[in-house]
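Each chain, letter by letter, is given below.
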Amino acid sequence: MPDKTAEAAAEAQPPPPPPEEAEAGGGGLGICATALYDYQAADETEISFDPGQRITNIDRIDPGWWQGLAPDGVTYGLFPANYVKLEGES
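Residues numbered from 1 in each chain as written. Predicted model: local features only at pLDDT ≥ 70, side-chain atom pairs only at ≥ 80, totals over all residues. Heavy atoms only, no water.

A short note on the overall build of the protein chain
Rules: Working definition: helices are DSSP H or I runs of at least four residues, strands are E runs of at least two. Numbering for both runs from the N terminus. Any residue under 20% of the maximum accessible area for its type is buried, any over 50% is exposed, and the rest in between are partly exposed; the area is computed with a 1.4 Å probe on protein chains only. Contacts are residue-level and defined by heavy atoms, with any inter-residue pair within 4.5 Å sufficient.
Looking only at helices and strands, the protein chain has 2 helices and 5 strands in total. Taken from the N to the C terminus, the helices and strands of the protein chain come in the order α-α-β-β-β-β-β. Residue burial in the protein chain is summarised as follows: out of 90 residues, 23% are buried. Taking all contacts inside the protein chain whose residues are at least 6 apart in sequence as the whole, residues at least 24 apart take part in 38%.

Structure representation (structure tokens):
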């Protein structure tokens, strides 16, 4: 007869999150940052944001310019890296 206590304990444990979500730290949003200053896109390759807004899915392609998903959740483009603070940094 199988041990019902062991089965119940195993069923009570939630499964671990998928590896990609666990590594991202933002629930699948990748690297995230908060805007420190207002920035208005100069052309269609850049994104606009206001102070306090969140930029997600950031790709640090250059020390001065990064790419990310704008707060509107639709536009992906370049922005100046020194206009944001990465989440988790003090």
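Side note on the sheet that holds strand 1 (residues 33-35)
As a reminder, the rule being used: Strands pair, by our definition, only if DSSP identifies at least two bridges between them. Geometry is summarised by axes, namely lines fitted to C-alpha atoms with helices restricted to the contacting stretch, and by angles between N-to-C directions that run from 0 to 180 degrees.
In spatial order, the strands read 4-3-2-1-5; together these 5 strands make up an open sheet with antiparallel pairing. Two strands close off the open sheet at either side, each with one partner strand: strand 4 (76-80) and strand 5 (84-86). With direction set aside, neighbouring strand axes in the sheet form an average angle of 45°. In this structure, strand 1 lies alongside strand 2 (residues 54-59), joined through 2 bridges in antiparallel fashion. Across the sheet, the residue bridging to Ala33 is Ile55, located in strand 2.

Side note on unusual backbone geometry
Excluding glycine, most residues fall at negative phi; most peptide bonds, likewise, are trans. Not every positive phi belongs to a glycine, and Asn57 is a case in point at roughly 50°. As for its position among the elements, Asn57 is in strand 2.

Some remarks on the packing of aromatic side chains
The description of two aromatic rings rests on the distance between their centres and on the angle between their planes. Our working definition: Pairing of aromatic rings covers Phe, Tyr and Trp, the last counted by its six-membered ring, and requires centre-to-centre distances within 6.5 Å; plane angles under 30 degrees mean stacked, over 60 mean edge-to-face, and any other angle means tilted.
What the rule picks out here adds up to 6 aromatic pairs. Measuring from centroid to centroid gives 6.3 Å for Trp66 and Phe79, while their planes differ by 90°, and the two rings are edge-to-face. Taken as a pair, Trp66 in strand 3 (residues 65-69) and Phe79 in strand 4 lie far apart in primary sequence, 13 residues in all. Residues Trp66 and Phe79 agree in their burial class; the two are buried. Taken together through their ring pairs, the aromatic side chains of Tyr37, Tyr39, Phe49, Trp65, Trp66, Phe79 and Tyr83 make up a single cluster.

Side note on the nonpolar core
Across soluble globular proteins, you tend to see nonpolar side chains buried next to one another. Our working definition: Note on terminology: a nonpolar core comprises buried Ala, Val, Leu, Ile, Met, Phe, Trp, Tyr and Cys residues joined through side-chain atoms within 4.5 Å.
Formed by 13 residues in total, the largest nonpolar core has its most connected members in Ile47, Phe49, Ile55, Ile58, Trp66, Phe79 and Val84. At the level of secondary structure, the elements contributing two or more residues to this core comprise strand 1, strand 2 and strand 5. Ignoring anything within four residues of it in the chain, the contact list for Phe79 reads Ile47, Phe49, Ile55, Ile58, Gly64, Trp65, Trp66, Gln67, Gly68 and Val84.

Focus: the confidence of the model for the protein chain
Put simply, the rule is: Predictor confidence is given residue by residue as pLDDT, running from a minimum of 0 to a maximum of 100.
Per-residue confidence for the protein chain averages 82 on the pLDDT scale, and 69% of its residues sit at or above 70. Here residues 18-26 is a poorly scored stretch, pLDDT under 50, and it has 3 contacts once near neighbours within four places are set aside; other chains count.

Looking at the side chain of Glu46
What counts, and what does not: The sign given to each residue is positive for Lys and Arg and negative for Asp and Glu; His and the chain ends receive no count. Here, a salt bridge means any side-chain nitrogen of Lys or Arg that lies within 4 Å of a carboxyl oxygen of Asp or Glu. Distance and chemistry together define a polar contact, namely a pair of N or O atoms within 3.5 Å, with one atom able to donate a hydrogen and the other to accept it when in protein, and with adjacent residues in sequence counting only for side-chain atoms on both sides.
Looking at the secondary structure, you find Glu46 in the loop between strand 1 and strand 2. Look at Glu46: it is buried, it has no salt bridge, and the nearest opposite charge is Arg60 at 19 Å. Side chain to side chain, Glu46 and Tyr39 meet in a polar contact 2.5 Å long. At a separation of 2.9 Å, a polar atom in the side chain of Glu46 contacts the main-chain amide nitrogen of Ala42. In this view, Glu46 contacts Tyr39, Gln40, Ala41, Trp65, Thr75, Gly77 and Leu78; residues no more than four positions away in its chain are not counted.

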